[in-house]
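Coordinates in review
What follows is the residue order along each chain.
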Amino acid sequence: MKNFIFQNPTKLVFGKGQIARLPQLIPAGKKIMVTYGGGSVRANGIYDQVCQALEGTDYIEFWGIEPNPTVETLRKAIITGKEQGVDFLLAVGGGSVLDGTKLIASGMLYDGDPWEIVRKGKADAAIPYASVMTLPATGSEMNSGAVISRTETREKFAFYTSYPAFSILDPEATYSLPPHQVACALADIFVHVMEQYLTTPGQSRIMDRWAEGLLMTVIEIAPKIRENQHDYDLMSDFMLTATLALNDFIRMGVTEDWATHMIGHELTALHGLTHGASLAIVLPGTMRVLRDQKKGKILQYGERVWGITAGTEEERVDEAIEKTEQFFRSLGLSTRLSQEGIGDDVIDEVQARFERLGAAFGEARNVDGRKAAEILRSSK
Ligand code: NZQ
Ligand code: ZN
């Protein structure tokens, strides 16, 4: 196991009715800006709960943080926040609203253009912020990462900042999610675990077992959610699995991959594909192209997660990859670029962009432009 420092300061406040706790959770005397997306919270009653809880506090609202939040929108929020003397942010929505809020929080203490923070990959400081999470997928509610897009250049990059002070997770908020968002969320959670797990075996028993438990939970709950999205305990597991998949818990002392995400971000930036949907196409390709390098771990994954024990090593690897692709298909997601109308021009552009960036992703730092193109070509 590698050396590591672990510190995750986010307070999780879980369960139905917990939005009412907002007045106790937000420090007294703050000027609050509540940030929202496009309006799903109005339809499912979350907005009313937040307004009721914040009654009597000093707050303003900022609406319109879009899926794959853009720096163009967030610049406006930062200007408003600075003008109004905001010193606490509350994101109410999915990963996009929260990620956008992370850039607002960081931009509030930065004099230059916030895109510079994104390109640097790290904010030096941020004002405190928190969330009411309505879409379990990104883990953004308990991590310090955020992914921001720039419309004018069709770019999408991650950066890191402080952690949310607290996040409220009410499983009832997920009842209103459209089925496609649920499918993308399940794929995203699954791939978050895989990015931290599917590297080389023998690094940590506890990290492996923890990751495998999360993967098996996603596989178990996926068909049940399709049957009944109003089962409170089921949606509770969905929500908590998303958080635990990307809150630093399963990456202590182990190597990580993240090449699938980096390629997926390019597909979103260039083609507009939803984040989770991009991963369902890329991950099986990553597994196919890097099957030799990842062989030991793919065999372990196949046996422990899918019960694959028969056949030669090569046959078991094939089956594990096939099971993975089948799982994404069972969610109703495409697993090939052609199904989404993505052609060679996009593959060429991803390769060119990775080459310009000097990309070297993955646990072996060998996913460069050429390898990324190979992965995408294997998913045509
Ligand atoms: O904008 P509104 O009206 O709120 O509607 C949203 C949006 O249209 C809707 N929605 C959210 N909660 C809902 C709901 N609809 C009905 N009922 C609810 N309870 O769902 C749509 C998608 O929301 P979005 O926030 O974009 O989805 P998600 O949470 O999947 O976030 C995706 C973004 O997060 C980034 C992705 O790249 C993408 O930009 N990621 C962030 C990560 C992180 N911070 O650690 C890691 C991830 O790998 C990921 O990259
Ligand atoms: Zn993701």
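For the structure itself, look to the data block above.
Residues numbered from 1 in each chain as written. Chains lettered and ligands numbered in written order. Predicted model: local features only at pLDDT ≥ 70, side-chain atom pairs only at ≥ 80, totals over all residues. Heavy atoms only, no water.

1. Overview of the nonpolar core
A general tendency of soluble globular proteins is for nonpolar side chains to be buried together. In terms of nonpolar packing, the biggest core is built from 68 residues, with L186, M194, F238, Y301, F328 and L331 touching the most fellow members. Per element, the largest residue contribution to this core is twelve residues, and it comes from helix α7 (residues 179-197). The next biggest cluster of nonpolar side chains, apart from the first, holds 30 residues, and it includes I60, W115, I127 and M133. (Core = buried A, V, L, I, M, F, W, Y, C linked by side-chain atoms within 4.5 Å. Buried < 20%, exposed > 50% of the residue type's maximum accessible area, 1.4 Å probe, protein only. Helix = DSSP H or I, 4+ residues; strand = E, 2+ residues; numbered from the N terminus.)

2. Notes on the site of ligand 1
Around ligand 1, the structure places 33 residues, and the nearest of them are S40, G95, S96, K156 and S176. Taking T134, its side chain carries an N or O atom lying 2.8 Å from a nitrogen atom of ligand 1. Isolated, ligand 1 exposes 960 Å² of accessible area, and the fraction of that covered by the protein chains is 89%. Along the lines of polarity and charge, the residues of the shell around ligand 1 split into ten nonpolar, 20 polar and three charged. (Near = heavy atom within 4 Å. Polar contact = N/O pair within 3.5 Å; in protein donor to acceptor, adjacent residues only side chain to side chain. Areas by Shrake-Rupley, 256 points an atom, 1.4 Å probe, with all protein chains shown as cover. Nonpolar A, V, L, I, M, F, W, Y, C, P; charged D, E, K, R; others polar.)

3. Focus: the packing of aromatic side chains
Think of a pair of aromatic rings as described by two things: how far the centres are apart, and how the planes are tilted against each other in angle. All told, the structure shown has 13 aromatic pairs when counted by the stated rule. A ring pair is formed by Y36 and Y47, whose centres lie 5.4 Å apart and whose planes are at 70°; its orientation type is edge-to-face. Taken together, the positions of Y36 in strand β2 (residues 31-36) and Y47 in helix α3 (residues 46-54) put the pair eleven residues apart, joining distant regions of the chain. Y47 shares its class with Y36; the two are buried. These aromatic residues form a ring-pair network of at least three members: F190, W306, F327 and F328. Directly above the aromatic system of W63 lies the positively charged group of R42, at a separation of 4.2 Å from the ring centroid. Taking the ring centre of F157 as reference, the NZ or CZ of R119 above it sits at 3.9 Å. (Phe/Tyr/Trp six-rings, centres within 6.5 Å; stacked < 30°, edge-to-face > 60°. Lys NZ or Arg CZ within 6 Å of the ring centre and 35° of its normal.)

4. Quick word on the coordination of the zinc ion (ligand 2)
Surrounding the zinc ion (ligand 2) are the protein donor atoms D188 (OD), H192 (NE2), H261 (NE2) and H275 (NE2), which sit 2.0 to 2.1 Å from the metal. Each donor residue of the zinc ion (ligand 2) belongs to the same chain, with the gaps between them written as D-x3-H-x68-H-x13-H. Highlighted residues: H192 in helix α7 and H275 in helix α11 (residues 275-289), separated in sequence by 83 residues. The same class applies to H192 as to H275, namely buried. (Donors = N, O, S within 2.8 Å, 3.2 Å for Na, K, Ca; no water.)

5. Side note on the environment of E195
Locating E195 in the fold gives a position in helix α7. When its relative accessible area of 2% is taken as the criterion, E195 is described as buried. On a C-alpha basis, the gap between E195 and L283 in space is 9.2 Å, while along the polypeptide they are 88 residues apart. If sequence neighbours within four positions are ignored, E195 has contacts with E256, D257, W258, A259, T260 and H261. A distance of 2.6 Å separates the side chain of E195 from the backbone nitrogen of W258, its partner in a polar contact. (Contact = heavy atoms within 4.5 Å.)

Everything listed here is a matter of coordinates, which is why it stays silent on function.
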